[in-house]
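Understanding the architecture of this molecule
Single-letter residue listing:
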Amino acid sequence: AQSVAQPEDQVNVAEGNPLTVKCTYSVSGNPYLFWYVQYPNRGLQFLLKYITGDNLVKGSYGFEAEFNKSQTSFHLKKPSALVSDSALYFCAVRDPLGDTNAGKSTFGDGTTLTVKP
Amino acid sequence: GAVVSQHPSWVICKSGTSVKIECRSLDFQATTMFWYRQFPKQSLMLMATSNEGSKATYEQGVEKDKFLINHASLTLSTLTVTSAHPEDSSFYICSAIGPHNQPQHFGDGTRLSIL
């Protein structure tokens, strides 16, 4: 079974400061990991993914995430937050070996990021 | 990038009405499509997974006869909420995935309000 946890419901940062949104996962094999962002009354937008290779993954809008196998984490980061980054962020994990429905991901409960000017 | 179109974006209708929501992948062939339900300030709840040409796989607790899913082609899946009631009011989101470990691409969601 696969699972993902986002331990923080809410993250507040000031504009210009670095931000981190935390995510930890559990899978039986090597994970595929994703971050998505959701703006109000919209679907989710893909930000970045880790499949294999370099542990530091760079994605859209200046976001990056670091895969840490020993800590089973995939935290989302950005060096300098913008007010426009305020949104709901979802981490997702997919175990390519553990599911009969290829592509079925498990999503975290989401973290609301608020960036204040 | 890949685009998924979901229609309609907003539906308001009377109790007992059936509502159909369409999900189309516009520039890629979706091997699998997913239907989610999202309550305010809550995470996505996976309702069902559908593959083209086969019956959808429903998650535990989701009524198959209530939420009919048809995946007629590699670019189109539909969700029909049959005899909708106020408790079915929610935000429904579809997503589609192509081959080769691609991320899910999401539609913009459908806000369903049953009066």
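Overview of the structure.

So, how was this worked out
- Residues numbered from 1 in each chain as written.
- Chains lettered and ligands numbered in written order.
- Predicted model: local features only at pLDDT ≥ 70, side-chain atom pairs only at ≥ 80, totals over all residues.
- Heavy atoms only, no water.
- Contact = heavy atoms within 4.5 Å.
- Buried area = accessible area lost by both parts, 1.4 Å probe.
- Salt bridge = Lys/Arg side-chain N within 4 Å of Asp/Glu carboxyl O.
- Polar contact = N/O pair within 3.5 Å; in protein donor to acceptor, adjacent residues only side chain to side chain.
- Helix = DSSP H or I, 4+ residues; strand = E, 2+ residues; numbered from the N terminus.
- Buried < 20%, exposed > 50% of the residue type's maximum accessible area, 1.4 Å probe, protein only.
- Pairing = 2+ DSSP bridges.
- Axes fitted to C-alpha atoms, helices over the stretch in contact; angles between N-to-C directions.
- Core = buried A, V, L, I, M, F, W, Y, C linked by side-chain atoms within 4.5 Å.

Here we look at the interface of chain A and chain B
Residue-level contacts link 22 residues of chain A with 24 residues of chain B. Taken together, the two surfaces of chain A and chain B that pack against each other cover about 1,700 Å², and 49% of this comes from carbon and sulfur. The tally of links between chain A and chain B comes to 1 salt bridge. A salt bridge links Arg42 of chain A to Asp108 of chain B; the shortest N-O distance between them is 3.2 Å. For the interface between chain A and chain B, the tally reads 7 residue pairs in polar contact (both at pLDDT 80 or more). It is strand E5 (residues 32-38) of chain A that provides the largest number of residues to the side of chain A that touches chain B, a total of 4 residues.

Comments concerning unusual backbone geometry
That bond from His7 of chain B to Pro8 of chain B is cis: its omega, 0 degrees, falls within 30 degrees of zero. Note that Pro8 of chain B resides in the loop between strand E1 (4-7) and strand E2 (10-13). The phi dihedral of Asn41 of chain A falls on the positive side, at around 60 degrees, and the residue is not glycine. For Asn41 of chain A, the location among the structural elements is in the loop between E5 and strand E6 (44-50). The phi dihedral of Ser83 of chain B falls on the positive side, at around 45 degrees, and the residue is not glycine. Looking at where Ser83 of chain B falls in the secondary structure, it is placed in the loop between strand E8 (76-81) and strand E9 (90-97). Since its relative accessible area comes to 35%, Ser83 of chain B is described here as partly exposed.

So, the sheet that holds E1 of chain B
Residue and element names in this part refer to chain B. Strand order in this open sheet of 4 strands is E1-E3-E8-E7, and the pairing throughout is antiparallel. Edge positions in the sheet fall to E1 and strand E7 (67-73), since each of these pairs with one other strand and no more. Taking the axes of each pair of neighbouring strands and ignoring which way they run, one obtains an average angle of 15 degrees across the sheet. Relative to strand E3 (residues 19-25), E1 runs antiparallel, the two being bridged by 4 bridges. From the neighbouring strand, Val4 faces E3, where its bridge partner is Ser25.

A word on the nonpolar core
Residues and elements named next belong to chain A. Core analysis: the biggest nonpolar cluster contains 27 residues, and Trp35, Leu47, Leu48, Phe74, Leu76 and Tyr89 have the highest contact counts within it. Counting residues per element, the ones that place at least two in this core are strand E2 (10-14), strand E3 (19-21), E5, E6, strand E8 (64-68), strand E9 (73-78), strand E10 (87-94) and strand E12 (111-116). The dominant element in this core, judged by the number of residues it contributes, is E10, at 4 residues. Beyond its immediate chain neighbours, meaning those up to four positions away, Tyr89 contacts Gln6, Trp35, Tyr36, Val37, Leu47, Phe63, Leu76, Gly110, Thr111 and Leu113.

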